[in-house]
Amino acid sequence: MSVRPLSLVALVLIGLAPVAARAEATLTLEGTWGNATGCKYAKDGLYENDDMILLKPGGIESYVTLCEWVQVSTASNGTQVVTGLCGHEGEGYQTVETYIVEKDHADPTLVRISQSTGDVWGEVRKCP
C-alpha cells in the first residue's frame, strides 16, 4: 500500500500542529521584564538574592521557580492568562501553574503578575 502525496502532506501538517501551538504560547510583551534583581540577573547571570522575578514572552523565572508557558489566552482588555509547566528548586517534579499577567492601568510601563487566586506575585518593568 502506498501513501499518496496529498496524504503525506496531511500527515506532515498534523505532525507539525503541536510545534505551531507551542510557538503561539507567548505573551504579547516584547523583551525581558523584571524587578531590579531580575534585570540584574538577566544582564550578568548572577543571583543577588531570592527577590528575583524575570518575565519573558515564553515564561517566568524566580529564585526557586522556572515556568515555560504552554498556553496563553488574551482577554478583551489585554490581560493575559497563562498556564505554565513549572519546575521548582530542589524538587524532582513539575507543577502546572496559572498566572494573570496585566499592565497597570495607571502606569503602562509596569506589569503585574498575579497567581490564579488574584494574589500579586510580583511587579516588573522592561529591563534596559
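Anything mentioned here points back to the structure above.
What counts and what doesn't
Residues numbered from 1 in each chain as written. Predicted model: local features only at pLDDT ≥ 70, side-chain atom pairs only at ≥ 80, totals over all residues. Heavy atoms only, no water. Disulfide = S-S within 2.5 Å. Helix = DSSP H or I, 4+ residues; strand = E, 2+ residues; numbered from the N terminus. Core = buried A, V, L, I, M, F, W, Y, C linked by side-chain atoms within 4.5 Å. Buried < 20%, exposed > 50% of the residue type's maximum accessible area, 1.4 Å probe, protein only. Contact = heavy atoms within 4.5 Å. Pairing = 2+ DSSP bridges. Axes fitted to C-alpha atoms, helices over the stretch in contact; angles between N-to-C directions. Salt bridge = Lys/Arg side-chain N within 4 Å of Asp/Glu carboxyl O.

Engineer: Help me get a handle on the state of the cysteines, residues and values and all.
Structural biologist: Here the structure, examined in full by the defined rule, presents 2 disulfides. Cys39 shares a disulfide with Cys127; S-S distance 2.0 Å. In this structure, the disulfide formed by Cys39 and Cys127 twists by about -85° around the S-S bond and is classed as left-handed. Remark: Cys127 occurs in the segment after strand S8 (120-126) and Cys39 occurs in helix H2 (residues 36-44); sequence separation between them is 88 residues.

Engineer: I'd love a proper account of the nonpolar core, names of residues and values included.
Structural biologist: Leu27, Leu55 and Trp69 are the most contacted members of the largest nonpolar core, which has 17 residues in total. Contributing elements (two or more residues each) for this core: strand S2 (53-56), strand S4 (65-74), strand S5 (80-88), strand S6 (94-103) and strand S7 (110-115). Of all the elements, S4 adds the most residues to this core, at 3 residues. Not counting the four nearest positions on each side in its chain, Leu55 is found in contact with Leu27, Leu29, Gly31, Thr32, Trp33, Ile60, Trp69, Val101, Val111, Ile113 and Val124. Within the second largest apolar cluster, 5 residues are counted, among which are Tyr41, Met52, Leu54 and Cys127.

Engineer: Please give an account of the pairing of S7 that cites residues and values.
Structural biologist: Two faces, one strand: in a regular strand the side chains alternate between the faces of the sheet. Buried residues dominate S7, accounting for 5 of its 6 residues. Looking at chain direction, S6 and S7 are connected through 5 bridges and run antiparallel. If you follow Tyr99 over to S7, its bridge partner there is Gln115. The turn linking S6 back onto S7 is made up of 6 residues. Relative to S8, S7 runs antiparallel, the two sharing 5 bridges. By the bridge assignment, Leu110 is partnered in S8 with Arg125. Remark: 4 residues form the turn of the hairpin made by S7 and S8, two consecutive strands paired antiparallel; Gly118 in that turn has positive phi of roughly 100°.

Engineer: An account of the sheet that holds S7 is needed here, citing residue identities and associated values.
Structural biologist: Pairing is antiparallel around the closed barrel formed by 8 strands, whose spatial order is S1-S2-S3-S4-S5-S6-S7-S8. Contacts between H2 and the sheet are confined to strand S1 (33-34), S2, strand S3 (59-62) and S8, with S2 contributing the most and set at about 65° to the helix.

Engineer: Go over the pattern of salt bridges, please, and point to the residues and values.
Structural biologist: Counted under the stated rule, the structure contains 4 salt bridges. The salt bridge partner of Arg112 is Asp104, with a shortest N-O separation of 2.6 Å. For Arg112, a relative accessible area of 17% gives the class buried. Judged by its relative accessible area of 17%, Asp104 falls in the buried class.

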